[in-house]
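# Notes for the structure review
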Amino acid sequence: MRSEADGNLLIVNVGQLLTFAGPEGPRSGSAMRSLGLMKEAGILMEDGLITLVGPSRDVMGEARGLETLDARGRLVIPGFVDAHTHAAFAGSRHNELTDKLEGKSYAEIAREGGGIQRTVRDTRAATEDALKVETYGRLRRIISAGTTSAEIKSGYGLNLEGELRLLRIIVEAGAELPLNVVPTFMGAHAVPYEHRKNPTAYVEELVQTIIPAVSSQGLARYCDVFVEEGFFAKDEARTILEAGKAGGMRPKVHADEITSCGGAELAAEVEAITADHLLHSSTTGLKAMKRAGTIAVLLPGTSFSTAGIPYCDAHRIIQLGIPVALGSDLSPNSWLETMQFVVTLACYHLRMHPEEALCAATINAAWAVGLEQEVGSIEEGKRGDMLLLDAKDYREIPYRIASNLVDTVVKDGVVVVSRQ
Ligand code: ZN
């Protein structure tokens, strides 16, 4: 008997289905508005994979005896892919909210012992069990809000043992939770406090010790650096990213978030898969990214939650023909656990159209984390990762602000969240 528990599931009577089926490659320009929309659709999943997408009646005829989910005219979209998170950490920085409201900048909060260094202290002090419980709790909440794939960065250990421990937890989460997890090494998130007087020594430690250890244990797919004044200079970042590359980790770059510091140019130079933030990138840098095939990951939640940071000009980037993906930037600075709200922010503050924002949160985000062959669209051969939403029209996702529209989350053909 082919049971639902083994990933055999039929969904019928889908009112609107966004498939995002389309040509190979991340979507750019006007192609970002192409939804692959079907009406009165059905989806068949067998052994966790999508085997048929078509008119509801036809799909029903092909699948007798299978467990059936009646969508009753509701909306189905691919599971969200969150292209940028720092979800593995201990503690909380809710006390910094008041500082932000009083006008303290990210840099000032950091100088007073808050920010990343505070989370590094909390994370180092946590037992492995406690760190895992806190991280898994967050990941279960993002799953119930519709995220079925997420990139997760290390970066709150900032020493050999701390970084390896975080990456182990991140990799284990992918094996133990109904979530595709893409681990990224980000030992260059900040210079740890103990190296503050000699940051060069930390760059050397990263290159000579930590990156080779991460690489030999196969714990991360990408290597990311925060290129910013007070964090890592462009030349240091290049050295770190080249070392990561030599260890089999493709570069990602936190680029031009607070100041224009050549992040986009560097991302293009090292052929990064993505450059993220891009608030203050030069046109030369963006054009270089376009030529290098680097995807832009935009994070409107960070602007929403960080004092003094504007929103990115998404249309400048889309008009240059660069594919745009979205991420939550879930972190202690920007504790945002729902991609539904990221899509809302992308529309209201980045002025992306609902179609563009949804493309950026699904298929383009899948390209941004290297999962494009498996997820991000509802097509035959891909994993059965999708959401049944309590809505009739996809535009309700950004429009109904901060609502949780998720009715059912299907992961690999198995119902993992259900409100029915
Ligand atoms: Zn980040």
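Residues numbered from 1 in each chain as written. Predicted model: local features only at pLDDT ≥ 70, side-chain atom pairs only at ≥ 80, totals over all residues. Heavy atoms only, no water.

## Thoughts on the overall build of the protein chain
Helix and strand counts for the protein chain come out as 16 helices and 16 strands. Taken over the C-alpha trace, the protein chain has a radius of gyration of 21 Å; the compact-globule value for 420 residues is 22 Å, and the two agree within 12%. In terms of its C-alpha atoms, the protein chain occupies a principal-axis envelope of roughly 70 × 45 × 45 Å. Across the protein chain, every contact between residues at least 6 apart in sequence was considered, and the portion connecting residues at least 24 apart equals 72%. Entry remark: accessible area of the protein chain is about 15,600 Å², with carbon and sulfur atoms responsible for 50%. (Helix = DSSP H or I, 4+ residues; strand = E, 2+ residues; numbered from the N terminus. Rg over C-alpha atoms; globule rule 2.2 N^0.38 Å. Contact = heavy atoms within 4.5 Å. Areas by Shrake-Rupley, 256 points an atom, 1.4 Å probe, with all protein chains shown as cover.)

## Brief notes about the coordination of the zinc ion
The zinc ion binds to the protein through His 84 (NE2), His 86 (NE2) and His 254 (NE2), with metal-donor distances spanning 2.1 Å. When the donors of the zinc ion are listed by position in the chain, the intervening gaps give H-x1-H-x167-H. Residue His 84 is located in the loop between strand S6 (80-82) and helix H2 (96-101), and its partner His 254 is located in strand S10 (residues 250-255); the two are separated by 170 residues in the primary sequence. Relative accessible area serves as the criterion here: at 0%, His 84 is assigned to the buried category. (Donors = N, O, S within 2.8 Å, 3.2 Å for Na, K, Ca; no water. Buried < 20%, exposed > 50% of the residue type's maximum accessible area, 1.4 Å probe, protein only.)

## Some details on the sheet that holds strand S11 (residues 274-277)
Taken in spatial order, the 8 strands of this open sheet run S6-S7-S8-S9-S10-S11-S12-S13, and their pairing is parallel. At either margin of the open sheet sits one strand with a lone partner, and together these are S6 and strand S13 (324-326). Between one strand axis and the next, the sheet turns by 25 degrees as a mean value, whatever way the strands run. With 3 bridges connecting them, S6 and strand S7 (residues 147-153) associate as parallel partners. Within the sheet, the bridge partner assigned to Val 81 lies in S7 and is Ser 149. The strands touched by helix H13 (residues 339-348) within the sheet are S6, S7 and S13, with S6 carrying the most contacts at an inclination of about 80 degrees. (Pairing = 2+ DSSP bridges. Axes fitted to C-alpha atoms, helices over the stretch in contact; angles between N-to-C directions.)

## What to know about the pairing of S7
Most of S7 is tucked away, with 7 of its 7 residues classed as buried. Bridge analysis of S7 against strand S8 (residues 180-188) gives 5 bridges, and the strand direction is parallel. The residue bridging Ile 152 from the neighbouring strand is Pro 183, located in S8.

## Quick look at unusual backbone geometry
Phi is positive for Asp 47, which is not a glycine, with a value near 50 degrees. Within the secondary structure layout, Asp 47 lies in the loop between strand S2 (37-46) and strand S3 (49-55). Judged by relative accessible area, which is 62%, Asp 47 ranks as exposed. Non-glycine residue Asp 412 carries a positive phi angle of around 50 degrees. Relative to the helices and strands, Asp 412 is located in the loop between strand S15 (406-411) and strand S16 (414-418).

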